[in-house]
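# Observations on the three-dimensional arrangement
These are the residues of each chain, in order.
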Amino acid sequence: MTNKIFPCLWFDSEAKTAAVYYCSIFKYSKIVSENAMVVIFELNKTKFMALNGGSQYKFSSANSYVITCDTQEEIDHYWEKLGAEGVYSKCGWLQDKFGVSWQIVPSILSKLMNDPKKAPKVINTFMQMTKFEIEKLINF
């Protein structure tokens, strides 16, 4: 038996608008199906559900979606597109215009964090950043 697990994003009434918006940002994305209450979509081949559930629940930073990026250009793309009309925070975190939290992280970060000599400097450096800057992290 294979269990498919994917996130459901609860919106007041913006499920379709949000799904179209996200699909415009991610390269390999599409709307899979939709009805008045639910939109199923894929972002970079990862399945999501957007639900028009009403206003009783709101998004919080307790749940976020991590996007690992190989280049500064990718970081810049997601940072600018997802952050537009949203709120930027420290260490690569942002909330988009719908209130969904995202972490835009360089893929090299885990390698740098696993180097005991570099890790303290890397942590100190990225704790001062809003958007990650790869060059500043790798120049130690």
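Everything that follows concerns the structure shown earlier in this document.
I will try to describe carefully the structure that is included in this document. (Residues numbered from 1 in each chain as written. Predicted model: local features only at pLDDT ≥ 70, side-chain atom pairs only at ≥ 80, totals over all residues. Heavy atoms only, no water.)

## Some points on the packing of helix H1 (residues 15–25) against helix H2 (residues 72–83)
Going by this rule: In this analysis an axis means a line fitted to C-alpha atoms, helices contributing only their contacting stretch, and an angle means the value between N-to-C directions, from 0 to 180 degrees. The secondary structure listing takes helices from DSSP runs of H or I that are at least 4 residues long and strands from runs of E that are at least 2 residues long, numbered from the N terminus. Angle categories are assigned with fixed cut-offs, so that under 35 degrees is roughly parallel, over 145 is roughly antiparallel, 65 to 115 is roughly perpendicular, and the rest are oblique. The handedness criterion is simple: a crossing whose near helix is rotated anticlockwise from the far helix by less than a right angle is left-handed, and one whose near helix is rotated clockwise is right-handed. Every residue pair with non-hydrogen atoms within 4.5 Å of one another is taken to be in contact. In the scheme used here, Gly and all other residues not listed as nonpolar or charged are polar, with Ala, Val, Leu, Ile, Met, Phe, Trp, Tyr, Cys and Pro taken as nonpolar and Asp, Glu, Lys and Arg as charged.
Viewed as axis vectors pointing N to C, H1 and H2 meet at an angle of 160 degrees, and their least axial separation amounts to 10 Å. On the basis of their axis angle, the class for H1 and H2 is roughly antiparallel. As H1 runs across H2, the sense of the crossing is right-handed. Of the residues in H2, those touching H1 at Tyr21, Tyr22 and Ile25 are His77, Tyr78, Lys81 and Leu82. Broken down by class, the residue content of the contact of H1 with H2 amounts to five nonpolar, one polar and one charged.

## Describing the nonpolar core
To keep it simple, the criterion reads: Buried Ala, Val, Leu, Ile, Met, Phe, Trp, Tyr and Cys residues that are joined via side-chain atoms within 4.5 Å together make up what is termed a nonpolar core. Each residue is placed in one exposure class: buried if its accessible area under a 1.4 Å probe, protein chains only, is under 20% of its type's maximum, exposed if it is over 50%, and partly exposed if it falls in between.
Core analysis: the largest hydrophobic core is formed by 37 residues, its most contacted members being Tyr22, Phe41, Leu82, Trp102 and Ile104. Not counting residues up to four positions away in its chain, the partners in contact with phenylalanine 41 are Leu9, Ala19, Tyr22, Cys23, Lys30, Ile31, Val32, Thr46, Lys47, Phe48, Met49 and Ala50.

## Focus: the pairing of strand E5 (residues 64–69)
How we decide: At least two bridges found by DSSP between two strands is the condition for calling them paired.
Residue alternation in E5 divides its side chains into a buried set, Tyr65, Ile67 and Cys69, and an unburied set, Ser64, Val66 and Thr68. Here E5 runs beside strand E8 (residues 101–106); their pairing, made up of six bridges, is parallel. Note that in E8 the partner of tyrosine 65 across the bridge is tryptophan 102.

## Observations regarding the sheet that holds strand E1 (residues 8–11)
Spatially, four strands are ordered E1-E4-E3-E2 in an open sheet, and the strand pairing comes out mixed. A strand with exactly one partner marks an edge of an open sheet, and here the two such strands are E1 and strand E2 (29–34). With strand direction ignored, the average angle separating the axes of adjacent strands in the sheet is 25 degrees. Sheet analysis places strand E3 (residues 38–43) next to strand E4 (residues 46–52), joined by six bridges and oriented antiparallel. Each bridged residue has a counterpart across the sheet, and for phenylalanine 41 the counterpart in E4 is phenylalanine 48. Along the sheet, H1 makes contact with E1, E2, E3 and E4, crossing E3 at roughly 10 degrees.

## Some remarks on a nonpolar patch on the surface
How we decide: Distance thresholds for patches are 9 Å for like charges and 5 Å for nonpolar side chains (Val, Leu, Ile, Met, Phe, Trp, Tyr), applied to residues having over 30% relative accessible area and no salt bridge. Note that accessible areas follow from Shrake-Rupley with a 1.4 Å probe, and for residues the cover is restricted to the protein chains shown. One speaks of a salt bridge when a side-chain nitrogen belonging to Lys or Arg is within 4 Å of a carboxyl oxygen belonging to Asp or Glu.
Together, Met113, Ile123 and Met127 give the surface a local cluster of nonpolar side chains, amounting to about 230 Å² of exposed area. Take methionine 113: it is sitting in helix H3 (residues 109–113).

## Focus: the pattern of salt bridges
One pass over the structure, following the stated rule, counts three salt bridges. As a salt-bridge pair, lysine 131 and aspartate 76 come within 2.9 Å of each other at their nearest N and O atoms. Separated by 55 residues along the polypeptide, lysine 131 in the loop between helix H4 (119–126) and helix H5 (134–138) and aspartate 76 in helix H2 bring together distant segments of the chain. Judged by its relative accessible area of 23%, lysine 131 falls in the partly exposed class. The closest approach of N and O atoms between lysine 136 and glutamate 133, which form a salt bridge, is 3.4 Å. Overall, the relative accessible area of 49% leaves lysine 136 in the partly exposed class.

## A closer look at the packing of aromatic side chains
For clarity, the threshold we go by: Centres within 6.5 Å make a pair out of two Phe, Tyr or Trp rings, where for Trp the six-membered ring is used; the pair is then stacked when the planes are under 30 degrees apart, edge-to-face when over 60, and tilted otherwise. Comment: the charge-over-ring label is applied if NZ (Lys) or CZ (Arg) is within 6 Å of the ring centre and within 35 degrees of the ring normal.
For the coordinates displayed, the defined rule picks out 15 aromatic pairs. Between phenylalanine 11 and phenylalanine 98 the ring centres are 5.7 Å apart and the planes differ by 85 degrees, which places this aromatic pair in the edge-to-face class. One end of the pair, phenylalanine 11, is in strand E1; the other, phenylalanine 98, is in the loop between strand E7 (93–95) and E8, with 87 residues separating them in the sequence. A relative accessible area of 2% means that phenylalanine 11 is categorised as buried. Looking at phenylalanine 98, the relative accessible area reads 18%, which means it is buried. On the numbers, 5.7 Å between centres and 70 degrees between planes, the contact of tyrosine 21 with phenylalanine 98 is edge-to-face. With a gap of 77 residues between them, tyrosine 21 in helix H1 and phenylalanine 98 in the loop between E7 and E8 connect regions that are remote in the sequence. Across this residue pair, the class does not change: tyrosine 21 and phenylalanine 98 are buried. The residue whose ring lies beneath lysine 45 is tyrosine 28, and the NZ or CZ to ring-centre distance is 5.6 Å. Directly above the ring of tyrosine 21 sits lysine 97, whose terminal nitrogen or CZ lies 4.2 Å from the centroid.

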